[in-house]
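Understanding the architecture of this molecule
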Amino acid sequence: MDVAPATLTGRPDLAGVELVVLGDSVAEGRDDPYPSGGWRGWAGRLAEALELPAERMVNAAIPGATIAQVVAEQLPVVRSLRPRLMVLNCGMNDAINGFETAEVAAHLAEVFGWARSAGAVGLAAPVPHAPPLLERSIISNFRRKRILERIQLFNAELRRGTRAFGMEFMEPDVVPLVMDPSLWAIDGIHLNSVGHAYVAEVIIDIARSLLGEQVTAQTG
Amino acid sequence: MSETETMETISRSGLRTWLLERIAFYLDKPVDSIDPTVELARYGVDSVYAISIISDIEDHLQVEVDVAEARRRGTVDTLTDYLLELVA
C-alpha cells in the first residue's frame, strides 16, 4: 500500500508497530478509563505489560463493530503493518444482531489470514457467555435464547478459524470470573475496570507465551 | 399451549385477536375499545409498551422480530400481516 490509511497519518513510525488490536467497544477499552481520559481496557493494559509505548500499538477497534465491519473498516487501516501480535475481540454485536455462519467464517479467515501473512502471532478473545444485560432488559425469552446460542456459535467459529490459521483462541473457561456481574459496567454489556484488568491478566499470559514461541521459532 | 400448537394453529384472525388482547392488557383498556385499523400510537402505545409487546410476540411466535420494522406497521392489522409474513 503506497498511501498510509487516513487514521494513521501523522504516525511517523508505522514500521515499529508491534501490537494490533481489532474489534468492538470491549477491544476499544470502554468502561475502563484512564484517569486522564480515554479508554485503557485490556488492550491498553496488555501494551503496558509488554512495555510497548503508544507508537508501537495500533488499536483499530470501533464500538459496535461486527466481524464484517472489522474486515471492512479496520483491516484496511492495519493491512500494511507487520505487527508481532494481533488480538481480535469481536462478536457480541454479531450475536445480538444475528449472522450467517459462512460469512463469519469468511471474515475471520480474512483477519487471521492477514495476521499470518504479516508474520504476527494471533489471539482471539471469546464472546462472554452471559452479559448481565440479557437478564436485565425487556427481551423475549426466545431472543435471549437465540443470542446465547449465537454467542456459542460465534465462539465455535473463532475456535475453528484460529485453529485453521495456527492462532490461539482464548477459551471462555479460562476467564470464568467474567460470569460475575461485579466485573461488568452498569450498562451490563461492557466490562468495568476490574473486568478489563482480569481479562488483561489472562491475555498478557497467553501473549507472552505466544511471543516467546515466536522468538524461539525465529532464532531456532 | 405448547410451542408446536402455537405454530400450527396460527391464523390471521387468531393472531389479530391475540395481539389485541396483549395491547389491551398493556394499555389497561377493554379489548373491544381497540380498533385494528387505527394507529396504535393514538392509543398511547409508546416505545416502552412497544418493546414489551414485541417481546411477547417473539415468545408467542418463536421468532425474532425486527423492532424498527414492526414499529413501522402502525396498526394491529398491518402488524398482523407483517408477523404472518415473518412466520410463513
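Note that the coordinates shown come from a computational prediction; the quantities given were computed from them, not determined experimentally. (Residues numbered from 1 in each chain as written. Chains lettered and ligands numbered in written order. Predicted model: local features only at pLDDT ≥ 70, side-chain atom pairs only at ≥ 80, totals over all residues. Heavy atoms only, no water.)

With respect to the overall build of chain A
Which entries qualify depends on this criterion: Secondary structure elements follow DSSP: runs of H or I of four or more residues count as helices, runs of E of two or more count as strands, with numbering from the N terminus. For this measure, only C-alpha atoms enter the radius of gyration; the expected value for a globule follows 2.2 Å times N^0.38, where N is the number of residues. The buried label goes to any residue with under 20% of its type's maximum accessible area, the exposed label to any with over 50%, and the partly exposed label to all in between, with areas taken from a 1.4 Å probe on protein chains only. Values of accessible area rely on a 1.4 Å probe in the Shrake-Rupley scheme; residue burial ignores everything except the protein chains shown. Neither His nor the chain ends is counted toward charge; the positive residues are Lys and Arg and the negative residues Asp and Glu. The location of each charge is read from NZ of Lys, CZ of Arg, CG of Asp or CD of Glu.
Counting its regular elements, chain A contains 8 helices and 5 strands. Reading chain A from its N terminus to its C terminus gives the helix and strand order β-α-α-β-α-β-α-α-β-α-α-β-α. Over its C-alpha atoms chain A spans a radius of gyration of 17 Å, differing by no more than 12% from the 17 Å that the globule rule assigns to 220 residues. Taking the principal axes of the C-alpha coordinates as reference, chain A spans close to 50 × 40 × 35 Å. Within chain A, the proportion of its 220 residues that are buried is 51%. Counting only carbon and sulfur atoms, one obtains 55% of the accessible surface of chain A, whose full area is about 10,000 Å². Side chains of chain A carry 19 positive and 26 negative charges; the gap between the two charge centres is 3 Å.

Details of the interface of chain A and chain B
The following threshold applies: Any two residues whose heavy atoms approach within 4.5 Å are treated as being in contact. Defined in terms of a 1.4 Å probe, buried area is the accessible area two parts forfeit on being brought together, summed over both. Salt bridges are defined by distance alone: a side-chain nitrogen of Lys or Arg within 4 Å of a carboxyl oxygen of Asp or Glu. Between N or O atoms, a polar contact is any pair within 3.5 Å; within protein, one atom must be a potential hydrogen donor and the other a potential acceptor, and residues adjacent in sequence are included only when both atoms are from side chains.
At the junction of the two partners, chain A supplies 9 residues and chain B supplies 9 residues. Of the roughly 800 Å² buried between chain A and chain B on both sides combined, carbon and sulfur atoms contribute 45%. Contact with chain B buries surface across chain A, with Ile138, Phe142 and Arg143 of chain A losing the most and accounting together for 67% of the total. Along the contact surface separating chain A from chain B lie 3 salt bridges. In this structure, the salt-bridge partner of Arg146 of chain A is Glu64 of chain B, at a minimum N-O distance of 3.9 Å. Between the two partners, chain A and chain B, sit 7 residue pairs in polar contact (both at pLDDT 80 or more).

Concerning the side chain of Ser52 of chain B
When you line up the elements, Ser52 of chain B lands in helix α3 (residues 47-61). With relative accessibility at 12%, the residue Ser52 of chain B sits in the buried group. Excluding residues that lie within four positions of it along the chain, Ser52 of chain B makes contacts with Ile138 of chain A together with Tyr26 of chain B.

Examining unusual backbone geometry
The backbone of Asp31 of chain A shows a phi angle near 75 degrees, a positive value even though the residue is not glycine. Its place among the elements puts Asp31 of chain A in the loop between α1 (25-28) and α2 (41-49). One non-glycine residue with positive phi stands out, namely Gln62 of chain B, at about 55 degrees. Tracing the chain through its elements places Gln62 of chain B in the loop between α3 and α4 (67-72).

So, the packing of helix α5 (residues 101-117) of chain A against helix α7 (residues 141-164) of chain A
All names here are of chain A. Let me state the cut-off plainly: To obtain each axis, a line is fitted to C-alpha atoms, and for helices this fit is confined to the stretch in contact; angles are then taken between N-to-C directions over 0 to 180 degrees. Helix crossings are classified by the rotation of the near helix relative to the far one: an anticlockwise turn of less than a right angle makes the crossing left-handed, while a clockwise turn makes it right-handed. Nonpolar residues are Ala, Val, Leu, Ile, Met, Phe, Trp, Tyr, Cys and Pro. Charged residues are Asp, Glu, Lys and Arg, and all others, Gly as well, are polar.
At a minimum axis distance of 9 Å, the contact between α5 and α7 shows a crossing angle of 35 degrees. Two packed elements cross with a definite hand, and for α5 against α7 that hand is right-handed. Taking contact as the criterion, the partners of Thr101, Val104, Ala105, Leu108, Phe112 and Arg116 in α5 are, on α7, Phe154, Glu157, Leu158, Gly161, Thr162 and Ala164. Here the contact of α5 with α7 is built from residues that sort into 7 nonpolar, 3 polar and 2 charged.

Observations regarding the confidence of the model for chain A
So the rule is basically this: Within a predicted model, pLDDT stands for the predictor's per-residue confidence, ranging from 0 to 100.
When pLDDT is averaged across chain A, the result is 92; 94% of the residues are at 70 or more. The low-confidence segment residues 1-6 of chain A (pLDDT under 50) makes 6 contacts with residues lying over four places distant or belonging to another chain.

A short note on the sheet that holds strand β4 (residues 121-124) of chain A
Residue and element names in this part refer to chain A. Note the threshold: Strand pairing is assigned whenever DSSP detects at least two bridges linking the two strands.
Across the sheet, 5 strands lie side by side as β2-β1-β3-β4-β5; this open sheet has parallel pairing. Each of the sheet's edge strands pairs with one partner strand only, and the pair in question is β2 (57-59) and β5 (168-169). Across 4 bridges, the pairing between strand β3 (residues 85-89) and β4 is parallel. Across the sheet, residue Val87 finds its bridge partner in β4, namely Leu123. The strands that α2 touches are β1 (19-23), β2 and β3; relative to β1, the one it contacts most, it runs at about 170 degrees. Its contacts with the sheet put helix α3 (residues 67-78) on β1, β2 and β3, and the angle it makes with β1 is roughly 155 degrees.

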